[in-house]
Amino acid sequence: MKTISGEVWYISIMPEGPSIKILQEKLDPFKHHKILEAKGYAKGFDPHILKNQTITDIKTWGKHLLICFHDFAIRIHMGLFGSYKINEHGKRNASLHMGFKDDGEVNFYISNVKLIEEPLDEVYDWTADLMNPKFSIKKAEEKLLAKPDRMICDVLLDQDVFAGSGNIVKNEALFRAKIHPENKVGDIPPRKLTQLIKEAITFCDEFYKWRKVGKLDEHLQAYEQEECPRNHIPLHKADLGKTKRHCYFCNKCQILYKSNPSTKKYDKAKSRAKTSSPSQ
DNA sequence: GGGAATGTTCACTA
DNA sequence: CTAGTGAACATTCC
């Protein structure tokens, strides 16, 4: 029998979908084990309900870690500062600590914990999760085209469309698909949109493999990079879209299919000036 | 010591 | 009512 207290894991902060998938794997040995003690300061959730409960399953949806019990599940979201320790604990108070009958422990820090009493299939659309084999390219295409005015850099952070995608996935997928982050969805040729979705899936897969061996950073092509690996010219860095998150992009190989927003504003101002006639 | 960071929600304002 | 803004969370790394 596999021991649940044999290995110690620690990871810090800011996980995207692939990192949550790795967490799920590390927690797998705790399946079918009973919680003896549960405590923590997580708001809107009483840890004591976990006492004497046995974990039935561990799932993920995007950046959500889902620990399942017989009648309910809990959702753990690590946010920007979240971290976890398995089979060890720090000095700080955990937002959720679980101690197991078989002498293992799991601790989440600065994580958001929420009780889910509805069946998970009613709460989660598994076809929207980039890390799930059920992810539907077709549905993602439909969701993209339903809102053609949105900036693509924003949509890549929309968890309803690309659950699990974060700022790294966003930047790398756009770079790989050679699409400029400021494009409006409707201006991008449909074939390129499909390619972008596929690049996001592929990159998540590679992210997962590289992160597992601690070699993600050396494989990044755009995120926090200085230079375009294709053209060897400096990458641009700007906070774009409604989300105003960091975008790293190459103006040469990442295509902007139509005029950029600043030009648009200028055009709008011009046409307004034209239509509002001076004879009033 | 200060600023920034792979995220999200919520309260407030215009 | 809605869109936009900023705070909150409170860590770790440089």
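If you're wondering where the values come from, they're calculated on a predicted model, not measured in any experiment.

Parameters and conventions
Residues numbered from 1 in each chain as written. Chains lettered and ligands numbered in written order. Predicted model: local features only at pLDDT ≥ 70, side-chain atom pairs only at ≥ 80, totals over all residues. Heavy atoms only, no water. Helix = DSSP H or I, 4+ residues; strand = E, 2+ residues; numbered from the N terminus. Buried < 20%, exposed > 50% of the residue type's maximum accessible area, 1.4 Å probe, protein only. UniProt positions renumbered as here; feature names shortened; annotations may be inferred. Near = heavy atom within 4 Å. Polar contact = N/O pair within 3.5 Å; in protein donor to acceptor, adjacent residues only side chain to side chain. Nonpolar A, V, L, I, M, F, W, Y, C, P; charged D, E, K, R; others polar.

Engineer: Teacher, can you tell me more about the overall build of chain A here?
Structural biologist: Looking only at helices and strands, chain A has seven helices and eleven strands in total. Within chain A, buried positions represent 46% of all 280 residues.

Engineer: Explain the UniProt feature "domain: Formamidopyrimidine-DNA glycosylase catalytic" (unreviewed entry) in chain A here, please?
Structural biologist: When the UniProt feature table is mapped onto this chain numbering, "domain: Formamidopyrimidine-DNA glycosylase catalytic" (unreviewed entry) sits at residues 15–107. Secondary structure across residues 15–107 comprises 12% helix and 34% strand; the distance between its end C-alpha atoms is 16 Å.

Engineer: Could you clarify how one ought to interpret the protein's contact with DNA strand C in this entry?
Structural biologist: Around DNA strand C there are seven residues in total, and Phe81, Arg92, Ile110, Lys242 and Lys244 lie nearest to it. Expressed as a percentage, the sugar and phosphate content of the atoms of DNA strand C within 4 Å of the protein is 68%. One of the side-chain nitrogen or oxygen atoms of Lys242 is found 3.4 Å away from a phosphate oxygen of DNA strand C. Lys244 has a polar side-chain atom sitting 2.9 Å from a phosphate oxygen of DNA strand C. Within the surface near DNA strand C, the residues separate by chemical class into four nonpolar, no polar and three charged.

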